[in-house]
Amino acid sequence: MTATQTAPATATQTIEVKPSPAPFVGRAMPRVEDAALLTGVARYADDLPVKPGTLHAAILRSPHAHADLLGIDITAALAVPGVAAVVTGADAKRHASAFLVGIRAPMEHWCLAIDRVRHVGEPVAVVLADSRYLAEDALDRIEVRYRPLPPVTSIAQALEEGSEPLHPAVGSNLVNSRSFRYGDPEAAFASTARTVSVEVEYPRNSCTPMECFVVLADYDAAEDSYEVLSNFSGPFAVHPVMAKALNVPGSRLRLKTPPHSGGSFGNKQAVFPYVVLMGLCARVAGRPVKWVEDRLEHLMAATSATARRMRIDAAVEPDGRVLALRMEQTEDCGAYLRAPEPASLYRNHGNLTGAYDIPNLAVTNRIVVTNKTPTGLNRGFGGGQLYYGLERLMNRVAAELGLDPLDVIRRNLVAVDAMPYRTASGGTLDSGDYRATLDQAVREGALDALKARRDALRAEGRLYGIGYAAVVEPSISNMGYITTVLTADERRKAGPKNGAQATASVAVDPTGGVSVTVASAPQGQGHRTVLAQVVADVFGLRFEDIRVNTDLDTGKDAWSIASGNYSSRFAGAVAGAAQVAATRLRGRMAVLVAGQLNCRADDVRFASGKVFSEANPDNSLSFSRVAAAGHWAPGTLPDGQEAALRETAFWTPEPLKAPTDADHINSSACYGFIFDFCGVEIDRTTSAVRIDRYVTMHDAGRLLNPLLVEGQILGGFAHAVGTALYEEYAYGDDGRFLSGTFADYLVPTACEVPVPVILHRESPSPVTPLGAKGVGEGNCMSTPVCLANAVADALSAASVDGPPSLPITPAKLAALIHPPEPPRPAPAAGAREIPPSAAAKGGRGLTGEGSREVPANPEQVWAILLDPKELAALLPGCEALDLVGPNAYRAEVVVGIGPVRGRYTAEVALSDLDPPNALTLAGSGTSALGSGSGTGHVTLERTPTGTRVTYLYGASVGGKVAAVGGRMLDSASRLLIGQFFEKLVARAGGTAAPAEHPSLLARLLRLLGLKR
């Protein structure tokens, strides 16, 4: 089957009378959603009107990764005009409850910190005011007392015997451990002469939707109920979690979604704690509340993918055939196990052996907590982590046995005659010919030509490599997979959980119009387009005759706890449910009209806007007339027949059962197949990785709309390139978050993401109504490890063992390719070193040096620097400076850096005074936004025209300010120092430098720290 062929029609398709128009399903149709997006009339959550009297919320977040919360004083904040209320953990304890946790462990997570903060950015208090501006200003007036605790910042540290427990009642940061055994792995390892092993760590990363979290909440005291509008994406299994945290039954939490959402990629699931928080705020204030998350908040404290440490051992035959795996997986879920975690670790439990026929498996899964943001759903969740270890292993097998990696992959793939194939851990790979798909990709993707190119470039001395990855892409998750974290006895006590219910309603109106509603909140996938294609085919109508509404209102619409937009479930489950509902409604209409057409209901056909008998197509009625009968003339309906006005389908795939007592679980309904290969070159000078060619082959079952499928693949590929090469959640040793803007969290743009070659093969799933499988997450699973394997191949030419950890940055590669840099020369006799930064203990370190000419003699400059009034006038943002001791000051300073503006109380001391030649300045400051400290040395040298002031400094900042990133802080520090000297020059009697009017390019370069 070629890349462009369409799967044959399945038994669920409408039987059509020839001649008939080609079906819409399978066509590459443009999205109907795009008109609103491109013309600016789309309605996102922040665009929607608010109720009169709505308050705006700003959240005070912890600057510490780990600290006891000793006290909080909100008096000054409440005194700010326009502030209506300040909500704290005491209010949470009074009106709310802790969230449910997915494992059996005595650990609590509240919507606001109660007695301890466990990650930077954890909500501590919320200010509610007449505007967001007033609320933000009032945050500075809240005084919080913390007692810092030792932070736990890595998996290794969490597993250490003496690490500070984040949850004292648990007593350890290892909060769950389970071991599984399938087949006879011990015998397999004993019978093979060769064991191949890999140890890898997959870091935290995230997706970055254009629109951050938005919540509009209201509380009805008379009904003791909440109404919330939020860009929550699901799974709606979290709805009971939210309701319980608000201490109301689920029927009293009405959750609505906006018409449009600016992306999610799983991340919008993590808005649910803020739904509870803003509901609490609305209750405390007695007024509606609105909160819009900013980008710094999102990067710092919203969610991320889990970090995972893996060790995999393989029992291997001499020809590369793998007989058994022994896996150890340790998952870092951050400070709390926030629902639905530990989903990332267990979502792929049924496909732990990937696309390979490996009958024996031993697995140990561990879950640890660290002082970092809680993790959650993230595009491909759990898949990227699993396949990074598994496909690095297959690459290592080939390297150690001296085999071609492609031969090792091909030799281990599940054979077509084994389909449907039951994996060792219980998954059912439903369809596909993996080896034929690989061969097609090799042929149509021109792998032989790529190999020739590699050989030619290597002959020139260039670092060029080819990488491969073969993975299965699970879709339509089984709700029961998450319970595999429990023992069989625990599952029996908790009750069975299984299935993956999808919901859709199809209705006809009095004029014959057809409307569709589904319990799935789209974030760019094209729900309206695909659903219109599906339903138009069922009724034989025009595409434009179908109206699709994707807003969701739990108070009125049909939904279940499995509802939502997650786990690649739209094409297979949601569109399939719409097809089922439309087919049922069509069947009811056929029964009602059969008498008028003088035929059996089974012979009634729908095509081209007509309803007719297959035996006599000329005897027809218009679809609109048939649809209208139930509205306008219900008395004419046959006896005992209901009007065919609306049909709602709740569909769940039959293969999804609860875990067995032996812990076998089919964790997803269907599984696509992806085979990728790529060629990359590493620049020997810059160590940058350039993707020369990337080929990605997908078997996603039946393609409902190839154009939209291509968009999903391109988006997943772009995310994966970011994961592999650019994006990094950076933390200091003390847990401070250091990459809170796109200046340091490097999201790739169109310039960094090449267009891959996309190929298709269609093997319709026998499980879903339309034969479709998921396709939106796959490259997030396959691409990072494919690129890593290519880098490993390129580095093999330089005799370097394997790629560095993700992201594979030029700095990491340079350390492998180039010899170590020589140590910095020792300073000249009498010269001063730049003071060491406190960043060695965590935080964001800053160092700098420079000099300026001042038109005054050293004695005059010295007098200015030691005069409190003069010094206060020189310091940018200084509102007050008081002398509190000999050469010691307390200052109130307001500083703005990028998106962060805060008021600091600073303690400054002067020492090593050598008038009028030199002095040392040391200071530290604290605010609601974090802390900072630093040391600087200043020398004054007499010149013919005045004094040359030379400075060297080292500083460290933490908390929210540190999170804006090193590039922005470096630029801001130079700007503040420049302002200081401009004022000093003017104060000393000189002329300040003229105001600059730099070009846009110059300002951009200055912002990025590339131009002074």
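Preceding this section is the structure that the text describes.
Quick look at the structure, then. (Residues numbered from 1 in each chain as written. Predicted model: local features only at pLDDT ≥ 70, side-chain atom pairs only at ≥ 80, totals over all residues. Heavy atoms only, no water.)

### What about the sheet that holds strand β14 (residues 322–332)?
Part 1 of the argument: Spatially, β7-β15-β14-β13-β8 is the arrangement adopted by the 5 strands of the open sheet, whose pairing is mixed. Each end of this open sheet is capped by a strand with a single partner; those strands are β7 (174–182) and β8 (194–202). Each strand axis lies, on average, 10° off the axis of its neighbour in the sheet, ignoring direction.
Part 2 of the argument: Bridge count between strand β13 (residues 307–316) and β14: 10 bridges; the pairing is antiparallel. From the neighbouring strand, Ala314 faces β14, where its bridge partner is Leu325. (Pairing = 2+ DSSP bridges. Helix = DSSP H or I, 4+ residues; strand = E, 2+ residues; numbered from the N terminus. Axes fitted to C-alpha atoms, helices over the stretch in contact; angles between N-to-C directions.)

### Overview of the pattern of salt bridges
Part 1 of the argument: Scanning the entire structure with this criterion turns up 54 salt bridges.
Part 2 of the argument: The partner of Glu227 in a salt bridge is Arg254, with the nearest N and O atoms 3.9 Å apart. Of the two residues, Glu227 sits in strand β10 (residues 225–230) while Arg254 sits in strand β11 (residues 253–256), which places them 27 residues apart along the sequence.
Part 3 of the argument: Given a relative accessible area of 29%, Arg254 falls into the partly exposed group.
Part 4 of the argument: One salt bridge connects Arg890 with Glu907, and the closest N-O pair in it is separated by 2.9 Å. Here Glu907 lies in strand β32 (residues 900–914) and Arg890 lies in strand β31 (residues 888–897), a separation of 17 residues in the sequence.
Part 5 of the argument: Residue class for Glu907 comes out partly exposed when judged on its relative accessible area of 34%.
Part 6 of the argument: In this structure, a network of salt bridges that share partners links the residues Lys51, Asp218, Glu227, Arg254, Lys256 and Asp553. (Salt bridge = Lys/Arg side-chain N within 4 Å of Asp/Glu carboxyl O. Buried < 20%, exposed > 50% of the residue type's maximum accessible area, 1.4 Å probe, protein only.)

### Description of empty space enclosed by the protein
Where empty space is left in the structure can be found by rolling a water-sized probe over the atoms.
Part 1 of the argument: Enumeration according to the criterion identifies 6 cavities of 30 Å³ or more in this entry.
Part 2 of the argument: Counted as a void, the second largest cavity has a volume near 120 Å³.
Part 3 of the argument: Forming the boundary of the second largest cavity are 14 residues, of which His109, Pro123, Pro273, Tyr274 and Arg338 lie nearest the centre.
Part 4 of the argument: In terms of residue count, helix α8 (residues 272–285) provides more of the lining of the second largest cavity than any other element does, 3 residues in total. (1 Å grid on protein atoms, 1.4 Å probe; cavity = no way out; pocket = protein on both sides within 12 Å on 5 of 7 lines; lining within 4 Å. Points joined across faces, edges and corners; volume = space filled by probe spheres on them.)

### With respect to the environment of Pro168
Part 1 of the argument: Along the chain, Pro168 turns up in the loop between α5 (155–159) and β7.
Part 2 of the argument: Sequence separation between Pro168 and Pro106 is 62 residues; the distance between their C-alpha atoms is 8.8 Å.
Part 3 of the argument: With residues near it in sequence (within four places) discarded, Pro168 still touches Arg116 and Arg118. (Contact = heavy atoms within 4.5 Å.)

### Things to note about the environment of Thr88
Part 1 of the argument: Locating Thr88 in the fold gives a position in strand β3 (residues 83–88).
Part 2 of the argument: When its relative accessible area of 10% is taken as the criterion, Thr88 is described as buried.
Part 3 of the argument: The sequence separation of Thr88 and Ala125 amounts to 37 residues, and the corresponding C-alpha distance is 4.6 Å.

### Concerning the sheet that holds strand β1 (residues 55–61)
Part 1 of the argument: Read from one edge of the open sheet, 7 strands run β3-β5-β1-β12-β9-β10-β11, paired in mixed fashion. The open sheet has two edge strands with one neighbour each: β3 and β11. Strand-to-strand twist across the sheet, computed as the mean angle between neighbouring axes with direction ignored, equals 25°.
Part 2 of the argument: Bridging between β10 and β11 involves 4 bridges; their strand directions are parallel. Bridged to Tyr226 within β11 is Leu253.

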